[in-house]
Amino acid sequence: MKPTPAEHADASAQTVRTRPCPRCGADTLTARTADRVAAVDVRADPAPVDPAAIPPGRLAWCLVQREHLPARIRWRDRWHAARCSHPVLIDHACKPRPVQETLL
């Protein structure tokens, strides 16, 4: 059965894409979580981190990759984290730029 335009757009938004950060220009991964109640647009750093060393105050996500499906980004909640074997990503935070550079 052919998907409706809304279903197609939703699936397209959930697909992980590499895009530059609009603020700093760094490479990031972007996607929308698959939650139908409160979907979140995610912008994450592409380099996986050690799950035991997630910096405090940063959001953690799992990059779920399956053989015949496109990659998805999933919220790393406490139930999923206990049995997770996926690469762990953290939300993107732009590196601070020196203030002097912008004043001159």
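Residues numbered from 1 in each chain as written. Predicted model: local features only at pLDDT ≥ 70, side-chain atom pairs only at ≥ 80, totals over all residues. Heavy atoms only, no water.

Caption draft 1: View of the layout of surface pockets. Estimates place the volume of the largest pocket at around 320 Å³. In terms of lining, the largest pocket is formed by 17 residues, of which the most central are Thr 33, Ala 34, Arg 72, Ile 73 and Arg 74. Only strand 4 (60-66) and strand 5 (69-75) provide two or more residues apiece to the lining of the largest pocket. At 6 residues, strand 5 tops the list of elements feeding residues into the lining of the largest pocket. Grouping the constituent residues of the lining of the largest pocket by class yields 9 nonpolar, 4 polar and 4 charged. (1 Å grid on protein atoms, 1.4 Å probe; cavity = no way out; pocket = protein on both sides within 12 Å on 5 of 7 lines; lining within 4 Å. Points joined across faces, edges and corners; volume = space filled by probe spheres on them. Helix = DSSP H or I, 4+ residues; strand = E, 2+ residues; numbered from the N terminus. Nonpolar A, V, L, I, M, F, W, Y, C, P; charged D, E, K, R; others polar.)

Caption draft 2: View of the pattern of salt bridges. The tally for this structure, following the rule as stated, stands at 3 salt bridges. The closest approach of N and O atoms between Arg 58 and Asp 45, which form a salt bridge, is 3.6 Å. With Arg 58 in the loop between strand 3 (41-44) and strand 4 and Asp 45 in the loop between strand 3 and strand 4, this residue pair connects regions lying 13 residues apart in the sequence. Among the charged side chains, a salt-bridge network with shared partners connects Asp 45, Arg 58 and Asp 91. (Salt bridge = Lys/Arg side-chain N within 4 Å of Asp/Glu carboxyl O.)

Caption draft 3: Geometry of the sheet that holds strand 5. Across the sheet, which stays open at both edges, the 3 strands sit in the order 5-4-6 with antiparallel pairing between neighbours. Strands at the two margins of the open sheet, each flanked by one partner only, are strand 5 and strand 6 (88-90). Going from strand to strand, the sheet's axes swing by 30 degrees on average, the running direction of each strand aside. Summarising the sheet, strand 4 and strand 5 pair through 5 bridges and their orientation is antiparallel. Its bridge partner lying in strand 5, Cys 62 is registered against Arg 74. (Pairing = 2+ DSSP bridges. Axes fitted to C-alpha atoms, helices over the stretch in contact; angles between N-to-C directions.)

Caption draft 4: Broad picture of the sheet that holds strand 2 (residues 27-32). Spatially, 3 strands are ordered 1-2-3 in an open sheet, and the strand pairing comes out antiparallel. The open sheet has two edge strands with one neighbour each: strand 1 (17-20) and strand 3. Strand-to-strand twist in this sheet, taken as the mean axis angle between neighbours without regard to direction, amounts to 35 degrees. Note: strand 1 against strand 2, 4 bridges, orientation antiparallel. Across the sheet, residue Arg 17 finds its bridge partner in strand 2, namely Thr 30.

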